[in-house]
Amino acid sequence: MALEQGFSQEQRQVQKLAMTQRMQQSIQVLRYNAEDLQTYLKQQELDNPFISVNLATNYNSSQAGAESKDDWQTYTSVRKQQSLFEYLLDQIHLTMRATPIRKWVIYLLEHLDSNGYLRLDLKTVSKEQGVSEITLLDALTLLQCLDPPGVGARNLQECLLLQIENDAHAPKLAQQVIKSEFEAFADRKWEQIAKKLGVRLAEVQTVFDYVRTLSPAPGAAYDQDQVGYIIPDLILIETNQQLELKTTKYTQPQLEFKQSYYDRLAKQDDQEVKKYLAQKQKEYEHLYNDLLQRGQTLLRVGQEIVDYQRDFFIKDDHPLKPLLLRDVAHKLQLHESTISRAVNGKYMQTSFGTFELKHFFSQAVNYQTETGEAVSSDDVHKYISELVANEDKRKPLSDQKLSELLKQKELTVSRRTVAKYREQLNIPSSSKRKRFD
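A brief look at the structure comes next.

Calculation rules
- Here the residue numbering is sequential within each chain, running from 1 through the sequence in written order.
- Per-residue local features of the predicted model are confined to residues with pLDDT of at least 70, and side-chain atom pairs are confined, for both listing and counting, to 80 or more; whole-chain, interface and lining totals are unaffected and use all residues.
- By convention in this description, side-chain values take in all heavy atoms of the structure and omit both hydrogens and water.
- Pairing between two strands requires that DSSP report at least two bridges joining them.
- Numbering of helices and strands runs from the N terminus, with a helix taken as a DSSP run of H or I at least four residues long and a strand as a DSSP run of E at least two residues long.
- Throughout, a residue-residue contact means that at least one pair of heavy atoms, one from each residue, lies within 4.5 Å.
- Between 30 and 60 degrees the pair is tilted, below 30 it is stacked and above 60 it is edge-to-face, where a pair is any two Phe, Tyr or Trp rings, Trp via its six-membered ring, whose centres lie within 6.5 Å.
- Buried, partly exposed and exposed residues are distinguished by accessible area as a fraction of the type maximum, computed with a 1.4 Å probe on protein chains only: under 20%, between the cut-offs, and over 50%, respectively.
- Charge-over-ring contacts are defined here by two conditions on Lys NZ or Arg CZ: a distance within 6 Å of the ring centre and an angle within 35 degrees of the ring normal.

Our next topic: the pairing of strand 4 (residues 234-239). By the bridge criterion, six bridges tie strand 4 to strand 5 (residues 242-247) in an arrangement that is antiparallel. Residue E238 lies in a different strand from strand 5, and its bridge partner there is L243. Here strand 4 folds back onto strand 5 in antiparallel fashion, the turn holding two residues, of which N240 has a positive phi close to 55°. Across two bridges, strand 4 lies against strand 7 (residues 347-350) in parallel orientation. Counted as the bridge partner of L234 is M348 from strand 7.

The following block contains the structure:
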């Protein structure tokens, strides 16, 4: 009886691990932009001989009612991959209201390393900046709630714990092992851990297999700059002010299972072959469902954007209403991190241009002056443009100086944020703006 119970527990643990790996695959598929998704599917096709992927190879901009197919060429040389700082800053602005604590979240963000770790001592910061340590801890908690899971950790142990806490399908023992037995776990002292916690050795092995699926450097994937075409995931068609949103072939690539090939091999009376076939068929089913869910999520988020920002699509001046990620998350009953993944690097093509989905949230970024007046990011863009236009070209304003001048307008905007906005405005750096006449 004990043997059967032990086998049942181990089976459940294996099932949980498989479920977690599938969840992570589903998350990754949603996070991929259209081009990365195609690369991923090509690899899956190579890894699974029963998968056939029909990838779109030619883009036809006339699908969106564009006047010329050459319109596609106007979207070359665009940086498609955000830096970790930009990705997190967008989430902060699109999920947090302009409050004093948000300033400290951004402060901590500015001190993350390229892997997403925070290399600051909060006690030292508290003394140097004159802010309570509790406020910094609250700000750190908010930072650590952002995507990707594990960001804002101060060491590897905390990084793994954050990812475990964010995963509803993590093995129950995982958090306890990493929290209380991390050093022994890192040294692979399985028997010691099992004896101390009073669990079976197989349970510790399951935790190890699970932890191997986690990322020790959650921010590393965001450090690459890629240049190339923008491939739209959604197409909006307007007919007599009626708006119809559709997914493209890039969002919903055709995935087929080579049934005849599978059936031929299934006739063999070989248990290893049958096991292999069952595994590959499950891989296909999981991938198919992940792609279906990705397309449905993008369409749902896109439709909510179109419904809420209707004036942007039908009026000549394209006005945008304030919109936060949390608003869409609440309406669709999805997690904010899901919305963040869905809008980052995903594009909607219209008859008058192609826009990243997060563009429809960007206007909601509000700053608050010390007197409590709300100021939009568009206003900050305008202030920066005016300051640069009126500067002494022999002594152009640095990003730090622009930040200080904005401070005089009672606007706290960090140097790095000023640099980001300056780049968005296509304003060269101060060294490149300097004149010597």
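Moving on from the model shown.
It is worth spelling out the environment of A34 at this point. Its place among the elements puts A34 in helix 2 (residues 34-47). Along the backbone, A34 and Y347 are 313 residues apart, and their C-alpha atoms lie at a distance of 8.9 Å. Filtering out sequence-adjacent residues up to four positions away, A34 remains in contact with I231, D233, Y250 and R294.

Right, let's get into the packing of aromatic side chains. Applying the stated rule across the entire model yields 17 aromatic pairs. Judged by centre distance (6.5 Å) and plane angle (55°), the ring pair of F50 and Y276 falls under tilted. Within this pair, whereas F50 is found in the loop between helix 2 and strand 1 (51-54), its partner Y276 is found in helix 13 (residues 271-308), the two being separated by 226 residues in sequence. Judged by its relative accessible area of 0%, F50 falls in the buried class. By relative accessible area, which is 34% here, Y276 ends up partly exposed. Ring plane angle 70° and centroid distance 5.4 Å describe the contact between W104 and Y107, whose orientation is recorded as edge-to-face. Of this pair, W104 and Y107 are both found in helix 4 (residues 100-109), three residues apart, which corresponds to roughly one turn of the helix. The class of Y107 is buried, set by a relative accessible area of 18%. Through a chain of ring-to-ring contacts, three or more aromatic side chains come together here, namely F50, F257, Y261, Y262, Y276, Y284 and Y288. The aromatic ring of Y308 is capped on one face by K321, whose charged end is 4.4 Å from the ring centroid. Just above the ring of F85 sits the side chain of R416; from NZ or CZ to the centre is 3.8 Å.

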